[in-house]
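Residue-level structural notes
Listed below are the residues making up each chain.
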Amino acid sequence: MSRRLRVTLSGRVQGVGFRPFVYRLAVGAGLGGEVRNTPRGLDLEIQGEPAALETFLARLRNEAPEAARIDALDVQPVEPRSDAGSDPGSDPAAHGAAAPRFVISASGAGERSDPDGVDRASCPDCLAEMFDPDSRRWRYPFTACTACGPRYTVETRRPWAREGTVFADFPLCDACRAEFLNPSDRRFHAETLACPECGPRYALEPVSGPPVGAVAGPVEADAPGSLKASRTDTRTPAVCPVPGAGAGATLPGAPVCRDAARDPFAAAWGALDRGGIVAFRGTGGFHLLCDARNPDAVRRLRSLKAREARPFALMVLNTASARALVRFGPHTAALLESPRRPVVLSPRRPDAPPLEGVAPDSSDLGLLLPPTGAHVLLFHEALARQSGAVPTGSAWLEAPFDRILVCTSANLHNEPILTGASEIRRVFGEGIDCLVTHDRPVPWRIDDSVLRDGACPDASGVSVPDVRSGSGCDEDPSPGPSRDAVLSPFPSWDPPAGPSSGPRPGPGSGPGEHPVPDRSCTPSPGASTATGPAPFPASDPGWGARWGAPVMIRRARGYVWEPVPLAHGGPAVLALGPYRAATQCLVSGERAFVSRHLGTLSGADALLDARATARFLGQRLAEAPVALACDLHEDYPSTRLARDLGREWGLPVLAVQHHHAHIAAVAAENRHTGPLFGLALDGAGLGTDGTVWGGELLAVEPDGTFQRRGFLHPFPLPGGDRAAREPWRMAVSVLWALGREDEAAWRFPHIPEAPALARLVGKPGLWPVSSSLGRLFDAAAALLGVCTHQSFDGQAAMALESLACDHGPVSFDVAGCEPGHGYGHGPGCDWGGDGPNGVPPVPLMPSTMAPWTAPAGVLPEGLPLVPFGVRPGDPSGLSPAPAPAPVSATATDGRLSLLPLFARLLDEPDPARGSALFHAGLVRALADWCGALCGPGATVALGGGCFVNRILGDGLAHALECRNIRPLRAALLPPNDGGLSLGQAVVVRQRLEQEGR
C-alpha cells in the first residue's frame, strides 16, 4: 500500500546540491513527491511503497553530498495524494513526460532564515572543464556547479535560489538552462550556473577613467541586492579562446593571442612582472597582489597599505609549490586544499627563498591556494607566459610552480576590505598599477580566513607527529583526509554530538558528579606506543584542539555562515562583540551564528559595517533576539552600538566581563555545560574592579556568574595605552618592579625618555595597572632586545615566539626531569639522547612521559613562582623588591608573579635562548599555578589571544594533562577576541534562563 511522508531537514542542506541529490534518489527508487528549499532548511514529501520509502530514508541520511550536513531530520506521515509529484511551481520541462512524478518545486519564502552556505573553491570537475580547450567554459573564471563556487558572498535573500542571489542579474542562456534542467547533469539546479555567453565577466580597468574591457558600467557593491551592474551584449570576451584545440598538454603560440591591453589576466601578469601592484576583485572584495620575490614591489605594497611589519599572506598554485616554502605538519595539506581555502600559517623552511619583507621577524609563512577559478587563471596565465605555451588539462594544477604572489586584502589598517573599483581608486589612487574587476555585485564583503597549523618544529625540522594517525609530517607524508572532507576547521574533528558537563571545579569528583578519567601521561594497557598515548579519545569534547591541532585566528571566508553547535537551546541573544578582531553572534536554539571577521571598530566605514551586520543578524536571521549582549567597557564602539540598538528595538542590554566571555566561548564550543575553571590570557579587558585585566584564573558557573580565583601580579602601564604600542615601557615597568630601574638608561640608550619614565613608574596613582600577560610578552621582548616598538597588535609576542621556535629546546637542570620533549614535540615523541636528528635529551617543558617532580613552587633553575615584595598597606599592591626569595606556589589572593622569570631573562645575553626560556618558564609557572588553585580532576578552559601562541597553547594544554587537569581549547572559533561574541551571547542566555525568561 502506498504511503506518503513529509520530511523536514535542517543543517547545511542548501547550496550543496541537496535537492538534485534528493531528486535522483527518489526517481531512482520510483517514488513520487516534491522537494523545496525553505528559509529553515529543506522540505520534501515522498510517496511510494513502504520498503522503498525506508530505503530512501536510509540513503538520504547516509549518502548525502559531501558538503552537506544534516543537523535534524523529522519524518511525519501524511495523507497520500493521487497526483503525487504534480506541482504548479515546478517546471515540467525538467523531467519529461515519461519521468517519475517527482519534482523540484519553487522555494518557499519567509521573513527569517537559517543561512548556512559557505563559499567553496572550484572543484576538480569545474577546473578540468575550465582548462579543456574544447569546452565552452575554456578559461571561464566563474565556472561552478552544485558542489563548488560562491554561496555566502552572492546570496541576497533566503532560501537558496537563483533569484535570491546576484546571479538573478544574469539570465541563463539556452545552453546553461538546458544544464540547469537536466537531472543527469552535475549542474542540475546549480543556482550559480554561468558561462561566457550569459554570466559575469572579468575586465581590465584603468586606475582612473572609464573601464577598458568587458564591463560597460560601474562595478560597485555594498549592500545585499542594492547594486545592479550594467551589462551590454557588445562586450569583448575576457580571453581569446583557441577554437578546435585538442586536450593535449599545451597549445603552442596561444599566449600571443591574448591582448594585454584588454585581457585582464594577461595585463595583471604584465604588471606583476614589472614589479607592479594589482588590485584583483575576488568573491568578497579586492585582493592586492604583487610578486613576492620582488623586494621593491613588497616595499611599495607596504607603503601603499601603511603596513609596516605585519606579515603578508602568500598565494601559491598548489601544495607541491607550498612544500618548497614551509614545513608540512599532519594537517597542512588538508587545510590548504580544503574547499574553504584559508590562509594557513606554517613554519618556514630553512632553505626557502628569502622573500624579503614578506614576513619580517616571523618564523611562519601564511600560505593559501587559489580560492576561486579566477585566481587559478592567474597562475594559468603565468605558466603560459613562462613556458611559452598554454597549459591544458589538469596535470599542471598539481605540478610545482615557483611563482609566488603576495595576496592581501585591499584595505587600510582597521578598515573593511574594499569591494568596488571606485573605492580602490579613491583609497589607493595611482599606487595601483593594474585594476582587474568583474561585473558581478558583491553584496557581502569578506576577508580570507586564517588558521595556524599546529606543528611547531624544533631546530632539527621534525614536525609534530599526529597523535591520531601517526603520519602526515614532511618526513612521513600521508594522504590524510580528502579536500572535500575538511568541512570543519580541522580534518575529521567536528565536535561530538552530545553536551559535556564535566566535573565541577576542584579536586576529585564528588557524589553525583561525572567521574574524572585518568589524565596521567602514562600509556594505558594495550595502548599503541607508536606515536604515544593520546591523553583523550577522539570522541572527547575538546580533543580537536589539543597538542598539535590547528588554531583558528580569523574566521571569515569559507566558514561563515557555518553555525557553531551548542549543547542546548535557550533564549535568542544577539552579542555585539568586542572592539578589536570584532565579530557578532546570534545564539538561536542549539546553534550560534557568528558573523565574519569585522576587524577593529575604529573607522567610520568599520562602524557602518558593524551596524549593518547587527541589523541583519537581529532582523533577518533565524529568530528575533530577546536581549543584547555587549562588553563591560562602555567606551567600546560595539557597546555603544548595542545601547543604540537596544533603545531602537526595545530590548535589554546586558554587559559581560571580557575574560568571562572568553572562557564562556571556549566552554560553549566544546559543549561543556557544567562549572569549570578558565584561564584567560590576553592583552587587555576591563575588569569588574575597574582595572585592566589580562591574566585571569576564573571559576565559571553555568548560571552566568564567575569568581576571580587568581590573576597575574599586576604591573603599572606607563603611558597608559601607549604601553601596548611601545613594549619598552612595559620593560621599564618590570625593571622598576625588580628594583633595577636604574638599568633603563643603558638597556634602552636609543630611547631618551626611558630614564625619566623609570623614575616615574612607581608614583602611586599615576598609571593604570594591569594583570595582562600580553603586556608581559611585550616586556620580555623589549628586555631581550627583540622589539621595543610595535606597529600592530602582537608583533612583539610573535617575534618572541619565532625566536623560541627557531632556537629549539633548552635545558632545565631540575631534579626529576627525565629526557623528553621540547616544545616542538607532541605526546609520545621520544626524542631522548638517542633520538633522531641529534635532538638534545633535555626538555623545554616538563617531561610529557612522567609528572614533574621538582619541589613545589619552584621554577626550573630555582626560580620561585610567587609574588614578592608586596608591602602591606601599599594601595597599588606593587612595590619593587631587590631580591626574590623562593616561597610557596601562590599568594593568599591567588596571585602569580613572573618577576623571578624576568630576573633570569635580564642576565641572558642570547635573545633566542631568552625567548625559549621565557616560554618554558611561563608554561611551567601557569601549569603549577592552575594545579595549585584548581586541583587534579578539574576542567580548565583556555581562552584569550595569547593562546594563538603555538608554544603556550600546546605546551600548557599538555602540561595540564600531565597534572590530571582537563584542558578545553578553542577550535571552531579563534581563542582571541574573534570568538568573544559567542561567549557574550552564551553568558547573557544563562542569565536570562536563571531569571526564568
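Residues numbered from 1 in each chain as written. Predicted model: local features only at pLDDT ≥ 70, side-chain atom pairs only at ≥ 80, totals over all residues. Heavy atoms only, no water.

Digging into the pairing of strand β9 (residues 286-291)
Among the six residues that make up β9, six are buried, leaving the element largely enclosed by the rest of the structure. Going residue by residue along β9, you find F286, L288 and C290 tucked away on one face and H287, L289 and D291 tucked away on the opposite face as well. Sheet topology note: the strand β8 (residues 278-281)/β9 ladder contains four bridges and is antiparallel. Bridged to V278 within β9 is L289. (Buried < 20%, exposed > 50% of the residue type's maximum accessible area, 1.4 Å probe, protein only. Helix = DSSP H or I, 4+ residues; strand = E, 2+ residues; numbered from the N terminus. Pairing = 2+ DSSP bridges.)

Overview of the state of the cysteines
A complete count under the given rule lists zero disulfides for this structure. Free of any disulfide, C173 has its nearest neighbouring cysteine sulfur in C195, separated by 3.6 Å. For C173, a relative accessible area of 18% corresponds to the buried category. In this structure C176 is not part of a disulfide, and its nearest cysteine sulfur, from C195, lies 3.5 Å away. Residue class for C176 comes out buried when judged on its relative accessible area of 0%. (Disulfide = S-S within 2.5 Å.)

Digging into the UniProt feature "active site" (unreviewed entry) in the protein
Taking the UniProt record as the reference, the feature "active site" (unreviewed entry) is found at R19 and N37. With the annotated positions falling across 19 residues, the maximum pairwise C-alpha distance of 7.9 Å places them together in a single cluster. For R19, the location among the structural elements is in helix α1 (residues 18-28). R19 sits in the buried class, given a relative accessible area of 5%. Contact partners of R19, with chain neighbours within four places excluded, come to V35, R36, N37, L42, I104, S107, W160, H189 and E191. Considering the arrangement of structural elements, one finds N37 in strand β2 (residues 32-38). In this structure the side chain of N37 is engaged in a polar contact, spanning 2.9 Å, whose partner is the backbone oxygen of W160. (UniProt positions renumbered as here; feature names shortened; annotations may be inferred. Contact = heavy atoms within 4.5 Å. Polar contact = N/O pair within 3.5 Å; in protein donor to acceptor, adjacent residues only side chain to side chain.)

Quick word on helix α13 (residues 658-669)
Between its first and last C-alpha atoms α13 spans 17 Å; for twelve residues at 1.5 Å apiece the expected length is 16 Å, and the two agree. Counting buried positions over the twelve residues of α13 gives twelve, a clear majority of the element. Among all positions of α13, only H658, H659, H660, A661, H662, I663, A664, A665, V666, A667, A668 and E669 are buried. N-capping of α13 is provided by Q657, with a side-chain oxygen placed 2.8 Å from the backbone N of H659. Once α13 ends, the next one or two residues include R671, with phi positive near 55°. (Expected span 1.5 Å × (residues − 1).)

A closer look at the pairing of β2
In terms of burial, β2 is a largely internal element, six of the seven residues being buried. Inspection of the sheet shows β2 paired to strand β3 (residues 41-48) by seven bridges, in the antiparallel sense. Residue pairing for β3: R36 is matched across the bridge by D43. The loop that links β2 with its antiparallel partner β3 comprises two residues. Judged from the three bridges that link them, β2 and strand β5 (residues 102-104) form a sheet pairing that is parallel. Within β5, the residue paired with V35 across the bridge is I104.

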